[in-house]
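Chains, contacts and geometry: an overview
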Amino acid sequence: MSSDKPNVIHLKDYRPPDFLIPQTGLDVELLQTAARVKTCLHLRRNPKADSPKAPLVLNGERLKLITIRLNGETLKPSDYTVNETHLTIPTVPDVFVLETEVEIRPQENKALEGLYVSSGIYCTQNEPEGFRKITYFLDRPDVMSKYTTRITADRKNYPVLLSNGNPMDKGDLDGGRHFVTWEDPFPKPSYLFALVAGDLGEVQDTFKTRSGRTIALKIFVDRGNEKKCGHAMRSLKNAMKWDEERFGLECDLNTYMIVAVDAFNFGAMENKGLNIFNSQYVLADPETATDQNYEAIENVIGHEYFHNWTGNRVTCRDWFQITLKEGLTFFRDHEFSADMGSRAVNRIAAVRVLRDFQFVEDAGPNAHPIRPPSYIEINNFYTVTVYNKGSEVIGMIETLIGRENFRKGMTKYFELFDGQAVTTEDFAHAMEQASGHDLTQFKNWYRQAGTPVCRVDGNYDAAKKTYTLKVEQLPPRTVKEQKADPFYFPFKMGLLDARGKDLPLELEGDSKKETSKVLVISKKEHTFVFRNVPESPVPSLLRGFSAPVKLEYGYTPEQLRFLLAHDSDAFNRYEAGQVLATRALEDLIRARQEGRKLEADAGFVAAFGSMLADESLDPALCAECMILPSVTSLVERMEVCDFDAAFAAREHLLKSLAAAHEPQLIRIYGRYHGTGPYSPDSVSIGKRSFKNMALYYLAALGTPDARKRVAEQFRHAGSMTDTMAALDAMSQAGFPERDEALTAFALKWRQNALVMNKWFVVQAASKRPDVLEQVKKLEKDAAFDIKNPNKVRALFGVFSGNLVRFHDAAGEGYRFIAGKILEIDTFNPSAASKLAAAFKKFAKLDAGRKELMGRELERILAAPGLSRDTYEIVSKTLESGRKNAAAAKA
């Protein structure tokens, strides 16, 4: 890194663009070792710009300028200047046409931004700032243009040529070449431009809209993978139908296309009419894809389709507004998945991710609001805060104003802003207009970082038959957010009688009777009084996790077991079990730290058994309830992370539960094992999940019977779901059969890149003490490619999330991952910065680990040529550690 710090970009400094580009023409010539891009821009000055005589400054990086003409006249070198990042023309008319021709090298582009080649396929990734690596342009989201794109290439190697919109012309050219011209009728920002060229197989279908239009649906994949697109196509059609029914939004295109590529920095990209996907979110069959893969495909296919309206038709004014499209669309895809499967299970899974990742981010060095006030590299803000917490914020709006008003708000949003680049304030304004609800204070969620704490106390007055609930909100527990203004959020709750039934709630000042009430929290303290409560109730608080807050309430173990058995709210039933488990684990952590014998809490062990025995429960919900709190969630509750104690406690409780309920676990496994041919429907997935959780617990016992059961499932599995469940169980339990099974798996699947990623994951996540040595061997395996982000995530990313092994006291994990970050940063800064998030626990480490990790962070920062992406993450991580140390001394 040079001694000059990268510039910080601030939201407060936003200025409208000096020029607009109503029309863009592209002529992209794909050659053997390069590409020529001829661009014709129709420009005019922006009447809203600050300066009426500003020069024209276009973004452009890694471009070789060949020609430049203004209104048909070739410009002299003295008429313009070019540097590494911009093309500047000091004097231009108010309305004009600019033509440029540049040469780029897609084959050498390993950053996977702009136009690059993946496994012989040309493809693009332009969000957020990749288009400037294709041609000179005003590469910002508030410059929207209509594109006409002509692509020429060798017909034999690239018979398929795709771009946004509709094909308008095609034909053959001399020398075995051909061309296709595409015209997009909708104005879009440059980040939504897409181009694909390759020898691809095609799967076709159609969708008839509610207005009677027929949309052509096309999925393009590597030849031979066409048979693996059925689930993706069904998911797309389901998403299109759902969006019509839920929000009244119909597909506005004649053709909707998806392309799957192997090397991609993200999961997928919503380019208008031509979505480009990481192949793991398209390809699936029972032999090669797990239940989780099927669910992820449905989720991501839906997400990118929903972007057609929330992101494309209405887009972001600037990159600080990412959550405007991503948080909203994430909410929409969560609702879609909930309606396609189990709403309760989907909610539980969403909250688990929020707590294990977003809450951690909120409390860490890179904490930021869902609309950040500044950034160095915008790639670093495609985060769980912007997406997942952003989705929670949208969900709170729906809860506060009601589903019907929320749909009206969506309709108003498009009525006011269709075809525009707007802000989060504009979205909130539409919701206010449609519902009459004042969201002024609610907008604190957009500008304040951190997770607020909701402290609750309840009191029953038998004489008055009243129940009083006191709710206090505390600011996020981070130094910089101690002065945070109160948040505004919905607090959904209920009261249960002695039989576990919901009591009708009569709130003072509100005549409406409800068994589940949404309270509005807007001040530091509230008191709510419920009348005509016949007996002392058990409160069910924050039902459905109605707000992304940390709840504090003094539940007794008896109350938690009661809620686990009776609560009508499925999420809170699950939550009661998680609180009981967390308390049991914290007791074990203390025992280990104090050198005492570890003994599992008998009450929790019994409650766990009661849950297993309740055959009225949904198997999918039972499977979720069997997942113990993660090591991540346990160490986040500590002032100083004790990974070893958290890991040991979790292992002990897992084995104690398995030993206490072995017969019941065997019964569950037998009941759901081998129940018919594979189906990815939610009911079947739930049954397999319950069965495989039982297998995982049994494997933890390590008995000969358990080893035999796991080995038999691995050998005779009828799906990849059962194969991976068995392989993971024997790997985590350290069975001797593990190495033989891994070898057999690799021998069978070595030619399938996506399946081999699973092979990397299961080894990098292992509990074995020698896992780092295994990872070092695996990076030399022929199936690993450090230039492929999927491989990096599967091996290095998973290892860095294996907390007890990555944070080994010797510090070798830190040194290894730091070396990989530096290596990857030289060609793919985006992937390197994501891997750098492995060091986010720096501020909460013990002195020994902090010194070791600090050395590696300093080593990364000292590297010459370090990218802005990695610099931002690592510098903030180091800074947070110093602030934490200073605060501790004070």
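Let me sum up the structure you'll find in this document.

1. A look at the overall build of the protein
Within the protein, the regular secondary structure consists of 27 helices and 34 strands. Here the C-alpha radius of gyration of the protein, 28 Å, is about what a compact globule of 890 residues would show, namely 29 Å. Judged by the C-alpha coordinates and their principal axes, the protein covers about 90 × 65 × 65 Å. Across the 890 residues of the protein, 59% fall into the buried class.

2. Here's the deal with the packing of aromatic side chains
Scanning the model with the defined rule gives 43 aromatic pairs in all. Geometrically, the ring pair formed by Y413 and F417 is edge-to-face, given 6.0 Å between the ring centres and 65° between the ring planes. Here Y413 pairs with F417, and both are found in helix α6 (residues 403–417), just 4 residues apart, close to one helical turn. Neither residue differs from the other here; Y413 and F417 are each classed as buried. Aromatic side chains Y672 and F690 sit 5.7 Å apart centroid to centroid with 50° between the ring planes, which places their arrangement in the tilted category. A residue pair is termed long-range when its members are at least 10 positions apart, and Y672 in helix α15 (residues 662–672) and F690 in helix α16 (residues 682–701) qualify at 18 residues. Assessed through its relative accessible area of 10%, Y672 is described here as buried. Pairwise contacts between aromatic rings join W759, F760, F784, F796, F799, F806, Y814, F816 and F839 into one cluster. Over the face of the ring belonging to F179 we find R150, whose NZ or CZ atom lies 4.4 Å from the ring centre. Here the guanidinium or amino end of K787 rests over the ring plane of F827, the centre of that ring lying 5.0 Å away.

3. Examining the packing of helix α18 (residues 720–733) against helix α19 (residues 738–749)
Taken N-terminus to C-terminus, the directions of α18 and α19 make an angle of 145°; their axes are 9 Å apart at the nearest point. As for the relative orientation of α18 and α19, their crossing is left-handed in sense. In this structure, α18 uses M720, T723, M724, L727, M730 and S731 to contact α19, whose residues at the interface are R738, A741, L742, F745 and W749. Per-class residue counts for the contact of α18 with α19 are 8 nonpolar, 2 polar and 1 charged.

4. What to know about the sheet that holds strand β31 (residues 517–521)
Read across the open sheet, the 3 strands follow the order β31-β28-β33; overall the sheet is antiparallel. Bordering the open sheet on either side are β31 and β33 (538–541), each of which pairs with just one other strand. Taking the axes of each pair of neighbouring strands and ignoring which way they run, one obtains an average angle of 35° across the sheet. Of the strand pairs in this sheet, strand β28 (residues 489–496) and β31 are connected by 5 bridges, and their pairing is antiparallel. Considered in β31, the bridge of F491 is made with L519. Lying on the sheet, helix α5 (residues 384–401) is in contact with β28 and β31; it crosses β28 at an angle near 65°.

5. Considering the environment of Q321
Position of Q321 relative to the elements: it lies in the loop between β23 (315–316) and α3 (322–340). As a C-alpha pair, Q321 and P373 span 52 residues in sequence and 9.8 Å in three-dimensional space. Ignoring sequence-local partners within four residues, the contact set of Q321 consists of L11, C316, R371, V422, T423, T424 and E425.

6. Focus on the side chain of T870
You can see T870 is positioned in helix α27 (residues 868–889). Taking relative accessible area as the criterion, T870 reaches 0% and is therefore assigned buried. If we ignore the near neighbours within four places in the chain, the residues touching T870 are I821, D825, P829, A832, S833 and I860.

7. As for the pattern of salt bridges
As a working rule, side chains carrying opposite charge can pair if their charged atoms are close by. In total, this model carries 78 salt bridges according to the counting rule given. Between K188 and D184 there is a salt bridge, with the nearest N and O atoms lying 2.9 Å from each other. Each member of the pair, K188 as well as D184, is classed as buried. Each of R246, E335, D339, R343, E398 and R403 takes part in a single network of salt bridges with overlapping partners.

8. Quick notes on helix α20 (residues 753–764)
End to end, α20 covers 17 Å across 12 residues, agreeing with the expected 16 Å (1.5 Å per residue, within 8%). Of all 12 residues making up α20, 10 are buried, and the element is well covered by its neighbours. Of all the positions in α20, only L754, V755, M756, N757, K758, W759, F760, V762, Q763 and A764 are classed as buried. Looking at the buried residues of α20, the elements they touch are α2 (291–306), α18, α19, α21 (771–778) and α22 (789–800). The N-cap of α20, judged by a side-chain oxygen 3.2 Å from the amide nitrogen of L754 a few residues on, is N752.

9. Examining the nonpolar core
Residues F406, F427, L469, F491 and F796 are the most contacted members of the largest nonpolar core, which totals 208 residues. With near-sequence residues (within four places) excluded, F796 lies in contact with V775, E779, F784, I786, K791, F816, I817, K820, I824 and L835. Counting 73 residues, the second largest nonpolar core, distinct from the first, contains V102, I134, V160 and F266.

10. So, the sheet that holds strand β7 (residues 81–82)
With respect to topology, 3 strands assemble into an open sheet ordered β4-β8-β7, the strand pairing being antiparallel. What marks the edges here is a single partner per strand, and that holds for β4 (56–59) and β7. Here β4 runs beside strand β8 (residues 86–89); their pairing, made up of 4 bridges, is antiparallel. From the neighbouring strand, L58 faces β8, where its bridge partner is L87.

11. Things to note about the environment of L328
For L328, the position within the fold is in helix α3. Take L328: its relative accessible area is 1%, and that puts it in the buried class. A sequence separation of 389 residues divides L328 from A717, and the C-alpha atoms of the two residues are 39 Å apart. Not counting residues within four places of it along the chain, the set of residues in contact with L328 comprises T310, T323, I394, F406, M410, Y413 and F427.

Criteria and cut-off values
- Residues numbered from 1 in each chain as written.
- Predicted model: local features only at pLDDT ≥ 70, side-chain atom pairs only at ≥ 80, totals over all residues.
- Heavy atoms only, no water.
- Helix = DSSP H or I, 4+ residues; strand = E, 2+ residues; numbered from the N terminus.
- Rg over C-alpha atoms; globule rule 2.2 N^0.38 Å.
- Buried < 20%, exposed > 50% of the residue type's maximum accessible area, 1.4 Å probe, protein only.
- Phe/Tyr/Trp six-rings, centres within 6.5 Å; stacked < 30°, edge-to-face > 60°.
- Lys NZ or Arg CZ within 6 Å of the ring centre and 35° of its normal.
- Axes fitted to C-alpha atoms, helices over the stretch in contact; angles between N-to-C directions.
- Left-handed = near helix turned anticlockwise from the far one by under 90°.
- Contact = heavy atoms within 4.5 Å.
- Nonpolar A, V, L, I, M, F, W, Y, C, P; charged D, E, K, R; others polar.
- Pairing = 2+ DSSP bridges.
- Salt bridge = Lys/Arg side-chain N within 4 Å of Asp/Glu carboxyl O.
- Expected span 1.5 Å × (residues − 1).
- Polar contact = N/O pair within 3.5 Å; in protein donor to acceptor, adjacent residues only side chain to side chain.
- Core = buried A, V, L, I, M, F, W, Y, C linked by side-chain atoms within 4.5 Å.

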